[in-house]
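# Examination of the molecular architecture
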Amino acid sequence: MDLPLELNAVLAGLFGLLIGSFLNVVIYRLPKMMERQWAEECAELAEKPLALTEKFNLLTPRSRCSSCGHVLRWYENIPVLSYMFLRGKCSVCGTAYGLRYPIVELFTGGLYFFCVWRWGWSPTALVWCGFSAALLALAMIDWDTTLLPDDITLPLLWAGLVAAALQWNPVVTLSSALWGAVAGYLSLWTVYWLFKLVTGKEGMGYGDFKLFAALGAWFGWSALVPMILMASVIGAIVGIAMKFSTGLREGGYVPFGPFLAGAGFTALLFGPQSILQFVGL
């Protein structure tokens, strides 16, 4: 029996809460996994192997309090509800967990609700749900660490091209997706080298090229200009505000990835052309 669209969207939103809980794990652990890998490679080159006593990946060890080491029980890991029940604190030591965890879960649930509400239970809704989860993880990781892991950016890029090829993404044709990926990468690559030649400094990382290429694959080449305009304007405003509030991290930089991701979410929810209206064009 077919369920009403609204109920399907609600079920998708609930599933999105679970995915959001897993994204919190990815956001925290993936950068640390990368650091461990780099340390192991450096130690191997120096012929001084590291003695890593604990296996560490996205599944192991179980979630625990970073302050006292308390391993969370299953009922302390229920998205949003556990946070509310525990009042955002560890049940053993009382250390605050922070609002990010339920916010990520709720945001992911809202995105999943939107995708199914808009496209129903379909391959199109499925691929856009995956896009949303990957983009959110990238935004949060970049904000925390200034890293945009290839483990997420490259699959996101290829998934955009495959979705276009299978006609699961009604937003773009395969040709538009392909040239969007090419133009997205080359545009920021060119800006990077021009800035470096003029100033001798690096204005952004290679992960930004790959993320913008992925956005081009999902939205097509015609959406690149609106998205880069929005990301640049909001990034500049936030950067200036953080400078005056002394909120800039050491080195005086602001990661660009979260603003690219913000433009991507805006394009998903309202369409790329709405971004031009947002920036006054």
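Anything mentioned here points back to the structure above.
I will try to describe carefully the structure that is included in this document. (Residues numbered from 1 in each chain as written. Predicted model: local features only at pLDDT ≥ 70, side-chain atom pairs only at ≥ 80, totals over all residues. Heavy atoms only, no water.)

Counted under the stated rule, the structure contains 16 aromatic pairs. Seen from their ring centres, Tyr185 and Phe209 are 5.5 Å apart, and the 85° between their planes marks the pair as edge-to-face. Placement of the pair is Tyr185 in helix H6 (residues 174–199) and Phe209 in helix H7 (residues 206–219), with a sequence separation of 24 residues. What makes Phe209 buried here is its relative accessible area of 0%. Each ring, one from Tyr192 and one from Trp193, has its centre 5.2 Å from the other, and the planes form 90°; the classification is edge-to-face. Assessed through its relative accessible area of 32%, Trp193 is described here as partly exposed. Taken together, the ring pairs in this structure connect Phe114, Trp117, Trp119, Trp128, Phe131, Trp218 and Phe219 into an aromatic cluster. Taking NZ or CZ as reference, Arg29 lies 5.5 Å from the ring centre of Phe56, over its face. (Phe/Tyr/Trp six-rings, centres within 6.5 Å; stacked < 30°, edge-to-face > 60°. Helix = DSSP H or I, 4+ residues; strand = E, 2+ residues; numbered from the N terminus. Buried < 20%, exposed > 50% of the residue type's maximum accessible area, 1.4 Å probe, protein only. Lys NZ or Arg CZ within 6 Å of the ring centre and 35° of its normal.)

The geometry of a pair of packed helices is captured by two quantities: the angle between their axes and the separation between those axes. With their axes 8 Å apart at the nearest point, helix H8 (residues 224–244) and helix H9 (residues 257–270) run at an angle of 130° to one another. In this view, H8 runs oblique relative to H9, as classed from their interaxial angle. Note that H8 runs across H9; the crossing there is right-handed. Contact with H8, carried on its side by Met227, Ile228, Met230, Ala231, Ile234, Gly235 and Val238, involves Phe259, Leu260, Ala263, Gly264, Thr266 and Ala267 of H9 and no other residues of that element. When the residues that make up the contact of H8 with H9 are grouped by side-chain class, the tally is 10 nonpolar, 3 polar and no charged. (Axes fitted to C-alpha atoms, helices over the stretch in contact; angles between N-to-C directions. Parallel < 35°, antiparallel > 145°, perpendicular 65-115°, else oblique. Left-handed = near helix turned anticlockwise from the far one by under 90°. Contact = heavy atoms within 4.5 Å. Nonpolar A, V, L, I, M, F, W, Y, C, P; charged D, E, K, R; others polar.)

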